[in-house]
Amino acid sequence: MTPREQWIAYATIVIKEITRFMRIWQQTLVPPAISTLLYFVIFGSLIGKRIGQMDGFDYMDFLVPGLILMAVINASYQNVVGSFFGAKWGKSLEELLVSPTPNSIILLAYVTGGVARGLLVGLIVTGISLLFTDLNVFSIGILISVAVLTAILFALGGFINAIFAKTFDDVSMVPTFVLLPLTYLGGVFYSIHLLGDFWQQLSKANPILYMVNAFRYGFLGISDVSLSVSFAMIGFFIVCFFALSLYLLTHSKRLRA
Amino acid sequence: MEFALKTTQLSKTYGNGVTALQNVDLAVPQGDFYALLGPNGAGKSTVIGVLGSLVIKTSGRVEVFGVDIDNNFPQAKSFLGVVPQEFNFNIFETPLQIVRNQAGYYGIDRRTALARTEQYLTLLGLWEKRNDQAGQLSGGMKRRLMIARALVHEPRLLILDEPTAGVDIEIRRSMWDFLREINRSGTTIILTTHYLEEAEHLCRNIGIIDSGKLVENTSMRELLRQLHLETYVLDLEQPLATIPVGLDRAARLIDPTTLEIDIKQEEHLNDFYRLLSDNGIRVNSMRNKANRLEELFISRVGHSPLEGK
């Protein structure tokens, strides 16, 4: 395929992906808005008032970046794992695999779809947070780059999950047993400075901690971990996940007999 | 001669140890209408899977219009249109979306894609249904949708895996006309089917695959020439008490108005008609007892095409 033809194939898949999640907006856009709204009401307004300050900021201000990024993570992951596994399960993926579209384009397009949903959900959650607090932006560049890179990373994670998954149970397994605990323990609701030494060190093995802190730095200018380490960590995982996804897309027996 | 498809020593053994193809040498000339027949589980769909990259071959060589799939699979795939046996489109999408998107996967710009989508959906009688959910279409419409999807990038080689399975006879006949027209316009077609009548009507060349081996690869005419005996069933105008002398060697009376006659390859129907006329027997209608190709198929693989391995 010529580069132009590859571009057309890429755009076709991306448009299809965006059309898909917009068509079922009640399932893709509304639930994260409602759950985040509840987080803001319960943890931010009700409990947050009693907590007072965290790292020198109102608890609500501290909470907002983590909740936004949590929504981005979940949405980008769910979009790709749901869509790609659905296509695999329903066999409509075959129409793509028999075409000359290169695997790298298929992967990039699905990831773009995931990023699009992740960022759209992030924007919706940001809008909801404005009902509860005034947002200060310390660095818009860091904010956007962390959001985009995190969405890419988790879209890739969803892609890998979709390739390995054999049933719909396998699709929900990783978000429930891996993603959710790592996010909750990744500094969304608290600063790791509140923890003892051992737990602080253990928390630093959690990659989501770096993303949440880098994102929070974009809003508040504070972080529990080094910003450069955060970016290096995200970049490293993106490279690894991309290479693994591409390998699986080409060779996995789960896609080709 | 240029070949649309050429496989050399193509073999496939699945992970569970099942050998689906054993050294298959297949050559389909450009412009051909080729039938690939075989019982269930014989390996037909595996051949198609290898071509579409859904099955990874174990060994051997595959060339599509001279392009080796090991050297440039994307280019080889760009020549192919595949209509699989099972419905494999997103049932929540519309025919318009399905066909237009497929064009996009082949790098066809949106405007051309839309024009071709309209063209092929219209040709296959689906344009009125373009905005319906694909899952709501009838079985015949779904089959036609898959054909439209496979044609939208105007492939040079169209592969149809049981395209008329479960389709009523009227639609099947109209699909035959459509496929003949596509073939006449220069598209090479490979067809797998359980309806041997379909293969006999449409195809010029034929391959029979059994237990992963190609047991026959010849022209339809040549294959049918190998048929030594054909049985015809005659519906008589008047009841017959006994079979007249001269016919008794080859004929059997099934009931008073139904006569079966075996005719050898070197014999002529005219001679039998003459004998019938001489004995005052009038025939209302005549038909083959079995499909000619079916008899040959059974002689090659030992059972009917609908029986699995």
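Model, not experiment: these values are computed from the prediction.

### A short note on the sheet that holds strand β2 (residues 19-29) of chain B
Residues and elements named next belong to chain B. With respect to topology, four strands assemble into an open sheet ordered β2-β1-β4-β5, the strand pairing being antiparallel. Where the open sheet ends on each side, the last strands, each with one partner, are β2 and β5 (67-68). When strand β4 (residues 59-64) meets β5, the two strands line up antiparallel, connected through two bridges. Bridge pairing in β5 links Val-64 to Val-67. Running over the sheet, helix α1 (residues 44-51) touches β1 (3-13), β2 and β4 and is turned about 70 degrees from β2.

### Quick look at the interface of chain B and chain A
Taken residue by residue, the interface counts 29 residues in chain B and 26 residues in chain A. Both faces considered, chain B and chain A share a buried interface measuring about 2400 Å² in area, 55% of it formed by carbon and sulfur atoms. By the criterion of area lost to chain A, the three top residues of chain B are Leu-54, Asn-88 and Tyr-105 of chain B, representing 30% of everything that side buries. The interface formed by chain B and chain A contains two salt bridges.

### Looking at the nonpolar core
One recurring pattern in soluble globular proteins is that nonpolar side chains are buried together. Of all hydrophobic cores here, the largest spans 127 residues; its most connected members are Phe-84 and Tyr-110 of chain A together with Leu-145 of chain B. Broken down by element, this core gets its largest block of residues, 19 residues, from helix α4 (residues 59-89) of chain A. Excluding its chain neighbours within four sequence positions, the residues that come into contact with Leu-145 of chain B are Phe-89, Pro-95, Ile-98, Val-99, Leu-121, Leu-126, Ala-134 and Leu-137 of chain B. Counting 29 residues, the second-largest nonpolar core is a separate cluster that includes Ala-42, Ile-48, Val-50 and Val-67 of chain B.

Quick notes on the rules
- Residues numbered from 1 in each chain as written.
- Chains lettered and ligands numbered in written order.
- Predicted model: local features only at pLDDT ≥ 70, side-chain atom pairs only at ≥ 80, totals over all residues.
- Heavy atoms only, no water.
- Pairing = 2+ DSSP bridges.
- Helix = DSSP H or I, 4+ residues; strand = E, 2+ residues; numbered from the N terminus.
- Contact = heavy atoms within 4.5 Å.
- Axes fitted to C-alpha atoms, helices over the stretch in contact; angles between N-to-C directions.
- Buried area = accessible area lost by both parts, 1.4 Å probe.
- Salt bridge = Lys/Arg side-chain N within 4 Å of Asp/Glu carboxyl O.
- Core = buried A, V, L, I, M, F, W, Y, C linked by side-chain atoms within 4.5 Å.
- Buried < 20%, exposed > 50% of the residue type's maximum accessible area, 1.4 Å probe, protein only.

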